[in-house]
Amino acid sequence: MSSLFSASPSAFPSRDSVVAALRAAGCVFAEDEAELILDAARTSGELAALVDRRVTGVPLELVLGWAGFRGLRIAVAPGVFVPRRRTEFLVEQALAHAPDARVVVDLCCGSGAVGAALAAALDRPEVHAADVDPAAVRCARGNLAAVGGQVHTGDLFDALPGALRGRIDILAANVPYVPTGEVALLPAEAREHEPLVALDGGADGLDVLRRVAAEAPGWLAPGGCLLVEASEHQAPAAVDAFTRGGLTTRLEVSDELYAHVVIGVRR
C-alpha cells in the first residue's frame, strides 16, 4: 500500500488507484467500497491508513466505524458482531406482526442494530437490549441512546428487568447459530474479527435458540412475538423448539436475502 500513496503524499490518490488496491486484495465490491472509504477519509494519510486496514482483511464496517442497516448508520467497534443485511428481514417481519408494538427487546443485541431499527420504525416504543459481551453492551448503548434505549449486561433473560415479564410485544433474538464444527469454515472477516460468543451456537447451532424459545413465553405479552434467525437446514428443528415452548409458530423466508426467520406468537 505504501507505494500507492508515496508518490504524492499531500494529494488524494485517484479513485481508480484505490479501487485497484482493493480489487487486488480480493474485495468483490471494490468500486462501492472505494467510494465509502474515499468519503470517510479527510487526508491522504488517513486514506492510506483506511485502505491499508481494508486490504489486510479488516471488515469494511470496522474500517469505516459503522454499518448500514435499514437506512441507519449503526456504529460498530472492534470485537462486536457486525449486523448483516439479511437481518433486515427479521425486522420487517417483526414490524409486520406488531406494527403498534409498545415494548421491544433486542436480545443478543450485539451493536443494537435491531433495536435501533425497530425504534426508528415504531412510535416511540420502550426499548431494551441485552448482551453477555461487555463490548457489545458499550456499543449498543451508543446506538440506542438517542431513542432512550436501556441496554443490560448478562446471559439472555437473566439480564432483563423482571418488570418486563409478560409485557414484551417484540422479542428479537439474534442468537448465535453456527454449529461449533463449522465456525472454522466461516470467512476470515467473521472468524478473526467477531467474538466467538456471537457465532458459536453449540453442536447443532441451536443451543441458545432452544434456551430462548423455552423461556420466551413467560416474557411475551399476549399476542407478542419472538423472532429468531436460523439457517435453512436448521429451520425445521428451530420451528419444533418454538412449538415445544408453547408458541404458535411459523417460518418466513426471503429468497432475496437468503434469510430464514422463525416467528413464535404467545397464544
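For the structure, check the block above.
Residues numbered from 1 in each chain as written. Predicted model: local features only at pLDDT ≥ 70, side-chain atom pairs only at ≥ 80, totals over all residues. Heavy atoms only, no water.

S.K.: Go over the pairing of strand 2 (residues 72-75) with me, naming the residues and quoting the values.
M.R.: Direction of pairing for strand 1 (residues 66-69) relative to strand 2: antiparallel, over a ladder of four bridges. Bridged to Gly68 within strand 2 is Arg73. A loop of two residues connects strand 1 with strand 2, the two strands running antiparallel in sequence, and Arg70 in this loop sits at a positive phi of about 50°. (Pairing = 2+ DSSP bridges. Helix = DSSP H or I, 4+ residues; strand = E, 2+ residues; numbered from the N terminus.)

S.K.: Pulling in residues and values, what's your account of the packing of helix 3 (residues 30-40) against helix 4 (residues 44-55)?
M.R.: Contact geometry for helix 3 and helix 4: axes closest at 9 Å, N-to-C directions at 145°. Here helix 3 and helix 4 pass one another in a crossing that is right-handed. Residues Glu33, Ile37, Leu38 and Ala40 of helix 3 touch helix 4, and the partners they reach there are Glu46, Leu47, Leu50, Val51 and Arg54. Taken together, the residues that form the contact of helix 3 with helix 4 break down as six nonpolar, no polar and three charged. (Axes fitted to C-alpha atoms, helices over the stretch in contact; angles between N-to-C directions. Left-handed = near helix turned anticlockwise from the far one by under 90°. Contact = heavy atoms within 4.5 Å. Nonpolar A, V, L, I, M, F, W, Y, C, P; charged D, E, K, R; others polar.)

S.K.: Residue-level account of the side chain of Gln234, with values.
M.R.: Note that Gln234 resides in the loop between strand 7 (220-230) and helix 11 (235-244). Given a relative accessible area of 3%, Gln234 falls into the buried group. In this structure the side chain of Gln234 is engaged in a polar contact, spanning 3.0 Å, whose partner is the backbone nitrogen of Ser231. When sequence neighbours within four positions are dropped, the list of residues in contact with Gln234 reads Tyr177, Pro179, Asp204, Gly205 and Leu206. (Buried < 20%, exposed > 50% of the residue type's maximum accessible area, 1.4 Å probe, protein only. Polar contact = N/O pair within 3.5 Å; in protein donor to acceptor, adjacent residues only side chain to side chain.)

S.K.: Go over the packing of aromatic side chains with me, naming the residues and quoting the values.
M.R.: Evaluated as defined, the whole model comprises one aromatic pair. Their ring planes at 20° and their centres at 5.5 Å tell us that Phe157 and Trp219 sit as a pair that is stacked. Pair noted here: Phe157 is in the loop between strand 5 (150-153) and strand 6 (168-173) and Trp219 is in the loop between helix 10 (207-215) and strand 7, with a separation of 62 residues, a long-range link. Since its relative accessible area comes to 3%, Phe157 is described here as buried. Across from the ring centre of Trp66, 3.9 Å away, lies the NZ or CZ of Arg73, which sits over that ring. (Phe/Tyr/Trp six-rings, centres within 6.5 Å; stacked < 30°, edge-to-face > 60°. Lys NZ or Arg CZ within 6 Å of the ring centre and 35° of its normal.)

S.K.: Give a detailed account of the sheet that holds strand 7, specifying residues and quantitative values.
M.R.: One open sheet holds the seven strands; their spatial order is 5-4-3-6-7-9-8, and the pairing between them is mixed. Of all strands in the sheet, those bounded by a partner on one side alone are strand 5 and strand 8 (247-254). In this sheet, adjacent strand axes meet at a mean angle of 20° when their direction is disregarded. Where strand 6 meets strand 7, four bridges bridge the pair, whose relative direction is parallel. Bridge pairing in strand 7 links Ala172 to Leu227. Across the sheet, helix 7 (residues 113-121) is in contact with strand 3 (103-107), strand 4 (126-131) and strand 6; its angle to strand 3 comes to roughly 160°. In the packing of helix 10 onto the sheet, contacts are made with strand 3, strand 6 and strand 7, and the angle to strand 7 comes to roughly 175°.

S.K.: Which residues make up the state of the cysteines, and what are the values?
M.R.: Counted by the stated rule, this structure contains zero disulfides. Between Cys109, a cysteine without a disulfide, and Cys108, which holds the nearest cysteine sulfur, the sulfur-to-sulfur distance is 8.2 Å. Looking at Cys225, it has no disulfide partner, and the nearest cysteine sulfur is the one in Cys108, 16 Å off. Given the relative accessible area of 0%, Cys225 is considered buried. (Disulfide = S-S within 2.5 Å.)

S.K.: How would you sum up the pairing of strand 8? Please name residues and give values.
M.R.: Sheet topology places strand 8 next to strand 9 (residues 259-266); eight bridges connect them, and they run antiparallel. Considered in strand 9, the bridge of Arg250 is made with Ile263. Adjacent in sequence and paired antiparallel, strand 8 and strand 9 are bridged by four residues, among which Tyr258 carries a positive phi angle near 50°.

S.K.: Please give an account of the environment of Ile168 that cites residues and values.
M.R.: Considering the arrangement of structural elements, one finds Ile168 in strand 6. In the structure, Ile168 is positioned 28 residues away from Ala140 in sequence and 19 Å away in space, judged by C-alpha atoms. For Ile168, the residues in contact, after removing those within four places along its chain, are Val103, Val105, Trp219, Leu220, Ala221 and Gly224.

S.K.: Tell me what's going on with helix 4, and back it up with residues and numbers.
M.R.: In this model helix 4 runs 16 Å from its N-terminal to its C-terminal C-alpha over 12 residues, within 8% of the 16 Å that 1.5 Å per residue would give. Looking only at helix 4, the buried set comprises Ser44, Leu47, Leu50, Val51 and Arg54. Buried residues in helix 4, looked at end-on, bunch into an arc of 120°, giving them a common side. Remark: Gly57 follows helix 4 within two positions and exhibits a positive phi of approximately 105°. (Expected span 1.5 Å × (residues − 1). Arc of directions from axis to C-beta.)

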